[in-house]
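Now for the letters of each chain:
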Amino acid sequence: MKYLGWDELVPGAILFSFDKELEKDASEILPEDRPYAETNSYTAYVGDWRVLKPVYNRDLCIDCQFCWIYCPDISIISRDKKMIGVDYDHCKGCGICVEVCPTNPKSLLMFEERIDNDEALAQWPEKE
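Residues numbered from 1 in each chain as written. Predicted model: local features only at pLDDT ≥ 70, side-chain atom pairs only at ≥ 80, totals over all residues. Heavy atoms only, no water.

Here is the rule we go by: UniProt positions are given in the numbering used here, feature names are shortened, and annotations may be inferred rather than shown by experiment.
Per an unreviewed UniProt entry, the protein chain carries the name Pyruvate ferredoxin oxidoreductase delta subunit and comes from Hydrogenimonas thermophila. The heading Cofactor (unreviewed entry) in the UniProt record of the protein chain holds the text "[4Fe-4S] cluster".

**Examining the side chain of D63**
The cut-off we apply is this: Strands here mean DSSP runs of E at least two residues long; helices mean DSSP runs of H or I at least four residues long; both are numbered from the N terminus. Exposure is judged per residue with a 1.4 Å probe applied to protein chains only, and the accessible area is read against the type maximum: over 50% gives exposed, under 20% gives buried, and values in between give partly exposed. Polar contact is defined as a pair of N or O atoms within 3.5 Å, subject to the rule that within protein one atom must be able to donate a hydrogen and the other to accept it, and that residues adjacent in sequence are counted only when both atoms are side-chain atoms. Only heavy atoms matter for contacts: two residues are in contact if any of them lie within 4.5 Å across the pair.
In this fold, D63 is placed in the loop between strand 1 (52-56) and helix 1 (66-70). Residue D63 is classed as buried on the basis of its relative accessible area of 17%. Within the structure, the side chain of D63 is placed 2.9 Å from the backbone nitrogen of M83, a separation counted as a polar contact. Excluding anything up to four places from it in sequence, D63 contacts R58, K81, K82 and M83.

**Observations concerning the nonpolar core**
Our working rule: To form a nonpolar core, buried Ala, Val, Leu, Ile, Met, Phe, Trp, Tyr and Cys residues must be joined to one another through side-chain atoms within 4.5 Å.
Ranked by size, the top nonpolar core spans 11 residues in total: Y56, C61, C67, C71, I76, M83, V86, C91, C97, V98 and L108. Contributions of two or more residues to this core are made by strand 3 (82-86) and helix 2 (96-100). Apart from residues no more than four positions distant in its own chain, I76 is found in contact with C67, W68, C71, M83, G85, V86 and C97. Counting residues in each nonpolar core, the second largest holds 7 residues, with V55, L60, L109 and I115 among its members.

**Some remarks on unusual backbone geometry**
Each neighbour pair has its own omega, and for N104 with P105 the value is 0°, a cis peptide bond. Residue placement: P105 occurs in the loop between helix 2 and strand 4 (108-112). The residue D63 is not glycine, and still its phi comes out positive at about 55°. Phi at K81 takes a positive value of approximately 60°, unusual for a residue other than glycine. Looking at the element boundaries, K81 is found in the loop between strand 2 (76-79) and strand 3. Judged by its relative accessible area of 64%, K81 is exposed.

**Quick notes on the packing of aromatic side chains**
So the rule is basically this: Note on aromatic contacts: the rings of Phe and Tyr and the six-membered ring of Trp form a pair at centre separations within 6.5 Å, being stacked when their planes are under 30 degrees apart, edge-to-face when over 60 apart, and tilted otherwise.
Here the structure, examined in full by the defined rule, presents 2 aromatic pairs. Ring geometry for F111 and W124: centres 5.8 Å apart, planes at 40°, overall tilted. Of this pair, F111 sits in strand 4 while W124 sits in the segment after helix 3 (117-122), and the two are 13 residues apart along the sequence. Accessibility classification places F111 together with W124 in one group, the buried group.

**Remarks on the pattern of salt bridges**
Worth spelling out the cut-off: Salt bridges are counted wherever a side-chain nitrogen of Lys or Arg sits within 4 Å of a carboxyl oxygen of Asp or Glu.
Counted according to the given criterion, the structure contains 4 salt bridges. K92 is paired through a salt bridge with D73; the nearest N and O atoms lie 2.9 Å apart. Within this pair, whereas K92 is found in the loop between strand 3 and helix 2, its partner D73 is found in the loop between helix 1 and strand 2, the two being separated by 19 residues in sequence. Overall, D73 belongs to the buried group, its relative accessible area being 19%. Between R114 and E112 there is a salt bridge, and its shortest N-O distance comes to 2.8 Å. A relative accessible area of 68% places R114 in the exposed class.

Printed below as a string of structure tokens:
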């Protein structure tokens, strides 16, 4: 049986993130040490698919980990249950992380790909 690569699958196909069942929670394993399946985009650069990108504001983050839990591509970088950034090599710009962020204003917002992150942070809405 030939396995298809992540870029050969038909819409609606089920993709598994890992080659085997993990012995412990994925959050306890550094991303570079996880047994990624060939169908996982972790091994391929897909950042150029994005039109919009999530920008992260550390000052507003409460480390709830909702963005990490809901990200379909494991593009949220978290260490010791603390959000530390976005992996733009694998983020496709879906915006799910922004939708699930509970802070007000949100600690993640979507910006056009061409906007520099420092410029995006300067445009952040003020806390009410």
